[in-house]
Amino acid sequence: MMSQRYSLRCSFPLIIQIAEAHRKPRWLPIAKSKIYRIPKRPEISQEERLELRRINNNYNTKMRAIRRFYAEEWVREKSTLESATSEMSQRLEADEWLRCEELNEMWNKTIAAEREERRAQELTIMEEYSLARMEAKDKDLRERISKASAKIRKEKELCTTFVTPENLEETIDRILSNTVDYNFAIDLKGNTYQGRDSNIQNEDKKIQASN
Amino acid sequence: MTTKVVKYVGRTTDFKGKTLWEIVGSLKNFGVGRLITRQVFQRYPEPTFMKIVKVETCPDEERRRVRVWVEKTFRGRKLPQLTEIYRTSYKPDYQLVHKDEEEKLLQAAATVKHKSDILPNSIEMPPLMKRFIMRDHEKKGVQPMKEYVMPLSYKHSPNRVERIAEGDEKPTIEFTMGLGTPVSPTLYEGIPLQ
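Residues numbered from 1 in each chain as written. Chains lettered and ligands numbered in written order. Predicted model: local features only at pLDDT ≥ 70, side-chain atom pairs only at ≥ 80, totals over all residues. Heavy atoms only, no water.

Enquirer: I keep staring at the overall build of chain B and nothing clicks. Help me out?
Expert: Helix and strand counts for chain B stand at three helices and 10 strands. In chain B, which comprises 194 residues, the proportion classed as buried is 31%. Looking at chain B alone, contacts between residues at least 24 apart form 62% of all its contacts between residues at least 6 apart. Looking at chain B as shown, the accessible area adds up to about 14,200 Å², and 52% of this sits on carbon and sulfur atoms. (Helix = DSSP H or I, 4+ residues; strand = E, 2+ residues; numbered from the N terminus. Buried < 20%, exposed > 50% of the residue type's maximum accessible area, 1.4 Å probe, protein only. Contact = heavy atoms within 4.5 Å. Areas by Shrake-Rupley, 256 points an atom, 1.4 Å probe, with all protein chains shown as cover.)

Written out as structure tokens, the structure is:
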């Protein structure tokens, strides 16, 4: 039983009421051993029955009277509070109002002073922050400008070798006169032989020739 | 052949008889004009019975019920208006009065001496409540009450035999905050009351 209850509590933690933990939950069926049990009817003698009925009736009547009394009193108090038309209550209310206003003024003053202080503090913090930010930004800008100027300088240096319409013919002539052959051959030993037309001494043949 | 014996199984009940439809449905003209009684009303010494005036059957969904209007005589006092029986008509507590017994019942009802009991309309407060109210009034500065009584209210019922006191009428039945006078003093033997 405990394990079942425990599992139920784990799966439905919101439905199970801890206050009712000593009871079997409502949705569990009648136990198998109790299913055909017919509870014995309590035997109450006629005398006792009559006396109980009298006592209970009296109790209910009295309780109804008490409830009614308090309900009516509540209604009466509520209505008097709501109306509040008498002069005394109005005067009391005005006094209360003045007192409340004074208190409110005082609170407002203290809170205003606190607020001023806090605002000044906030302002200094903000100024510091913005100054730091501006400085950082300036620094960043300066760095970027210096980087850019360095790049420009480099480009300007490179600029002298550019081909322009003026020196086009000259350049073509120069290139044609100095042709560069990038082809090369490579042998098994890793020797490179530049150029397509260069002469290659075949070592094997040389060896054969020497022999 | 075995004898026909009905053996009831389960919880017992105070009811005795049939449902109203079982009675009314098997009678000529739905039993208009016949007398019926209820077992639970037999606890009073005065006769209580009802005369069927009008019967309306109910739709199939409400097959255990029937709507019946009756002239009710409760504890020998005939109620001025007809009573409708619908909500309680399913209760197996109604009994048909034999035709030869009707006259006897009617005569018994006619010879009942009506008591003119008057119920109080106010009751004294309980002692603790009195103290509370006294202290409350002192605190508020209101002048204290002269008599610590509160009004009584009773459940509305057309069956009420007693009358509720009006104004300063002297009631014949008194309710006090104590135990009161017991109905069966044998239960309190050896116990000093008050």
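Enquirer: Teacher, can you tell me more about the interface of chain B and chain A here?
Expert: How large an interface is tends to be reported as the accessible area lost when its parts come together. On the chain A side, the residues contacting the 32 residues of chain B number 21 residues. In total, about 2,300 Å² of surface goes out of reach between chain B and chain A, with carbon and sulfur atoms giving 57% of it. For chain B, the biggest contributors to the area lost against chain A are P151(B), S153(B) and V183(B); these three give 19% of the whole. There are two salt bridges connecting chain B and chain A. Residue E77(A) is joined to K140(B) by a salt bridge in which the shortest nitrogen-to-oxygen separation is 2.9 Å. Elements with a minimum of two residues in the side of chain B that touches chain A: helix 3 (127-140) and strand 9 (149-151) of chain B. If one sorts the elements of the side of chain B that touches chain A by residue count, helix 3 of chain B sits on top with three residues. Considering only residue class, the side of chain B that touches chain A consists of 17 nonpolar, 10 polar and five charged. (Buried area = accessible area lost by both parts, 1.4 Å probe. Salt bridge = Lys/Arg side-chain N within 4 Å of Asp/Glu carboxyl O. Nonpolar A, V, L, I, M, F, W, Y, C, P; charged D, E, K, R; others polar.)

Enquirer: What exactly am I supposed to notice about the pattern of salt bridges here?
Expert: When the charged atoms of two side chains with opposite charge come close together, those side chains can pair. Inspection of every chain in the model, using the stated rule, returns 18 salt bridges over all chains. Among the salt bridges present, the one from D60(B) reaches R63(B), with a minimum N-O distance of 3.0 Å. For the pair D60(B) and R63(B), a shared accessibility class is recorded, and that class is exposed. The partner of R163(B) in a salt bridge is E169(B), and the shortest N-O contact between them spans 2.8 Å. Members of the salt-bridge network, linked through shared partners, are E77(A), D136(B) and K140(B).

Enquirer: Hey, could you run me through the packing of aromatic side chains in this one?
Expert: Here a ring pair, both rings aromatic, is described through the centre-centre distance and the interplanar angle of the planes. In this structure the tally under the stated criterion is four aromatic pairs over all chains. Judged by centre distance (5.4 Å) and plane angle (80 degrees), the ring pair of F69(A) and Y70(A) falls under edge-to-face. For F69(A), a relative accessible area of 7% gives the class buried. Centroid distance Y44(B) to F74(B): 5.4 Å. Interplanar angle 75 degrees. Geometry classified as edge-to-face. (Phe/Tyr/Trp six-rings, centres within 6.5 Å; stacked < 30°, edge-to-face > 60°.)

Enquirer: Would you mind showing me how to read the packing of helix 2 (residues 46-83) of chain A against helix 3 of chain B here?
Expert: Each pair of packed helices can be described by the angle between their axes along with the distance between the axes. Helix 3 of chain B packs onto helix 2 of chain A with a crossing angle of 15 degrees between their chain directions and a minimal axis gap of 13 Å. In terms of axis orientation, helix 2 of chain A runs roughly parallel to helix 3 of chain B. In this structure, helix 2 of chain A crosses over helix 3 of chain B, and the sense of that crossing is left-handed. For the pair helix 2 of chain A and helix 3 of chain B, the contacting residues are I66(A), F69(A), Y70(A) and E77(A) in the first and M129(B), I133(B) and K140(B) in the second. Grouping the amino acids of the contact of helix 2 of chain A with helix 3 of chain B by side-chain chemistry returns five nonpolar, no polar and two charged. (Axes fitted to C-alpha atoms, helices over the stretch in contact; angles between N-to-C directions. Parallel < 35°, antiparallel > 145°, perpendicular 65-115°, else oblique. Left-handed = near helix turned anticlockwise from the far one by under 90°.)

Enquirer: Looking at this structure, how should I read helix 3 of chain B?
Expert: Residue pairs three or four apart in sequence face the same way in an α-helix, which turns once every 3.6 residues. All names here are of chain B. Compared with an ideal rise of 1.5 Å per residue, which puts 14 residues at 20 Å, helix 3 spans 20 Å between its outermost C-alpha atoms and is within 8% of the ideal. Within the span of helix 3, buried status applies to M129, K130, I133 and H137. End-on view of helix 3: buried residues confined to an arc of 105 degrees, all on one side of the axis. Facing away from the buried surface of helix 3 by more than 90 degrees, the exposed residues are P127, L128, R131, R135, E138 and K139. Positive backbone phi, at 80 degrees, marks G141, one or two positions downstream of helix 3. (Expected span 1.5 Å × (residues − 1). Arc of directions from axis to C-beta.)

Enquirer: Would you mind going over the pairing of strand 1 (residues 35-38) of chain B with me for this structure?
Expert: Residues in a regular strand project their side chains so that they alternate between the two faces of the sheet. Residue and element names in this part refer to chain B. Burial along strand 1 is two-sided: the residues L35 and T37 and I36 and R38 are all buried. Summarising the sheet, strand 1 and strand 2 (residues 49-56) pair through two bridges and their orientation is antiparallel. For I36, the partnering residue across the bridge sits in strand 2 and is M50. In the sheet, strand 1 pairs with strand 6 (residues 94-96) via three bridges, with the strands oriented antiparallel. Within the sheet, the bridge partner assigned to R38 lies in strand 6 and is Y94. (Pairing = 2+ DSSP bridges.)

Enquirer: What is the right way to read the pairing of strand 2 of chain B from this model?
Expert: Two elements, strand 2 of chain B and strand 3 (residues 67-74) of chain B, share seven bridges in a ladder whose sense is antiparallel. If you follow I52(B) over to strand 3 of chain B, its bridge partner there is V70(B).

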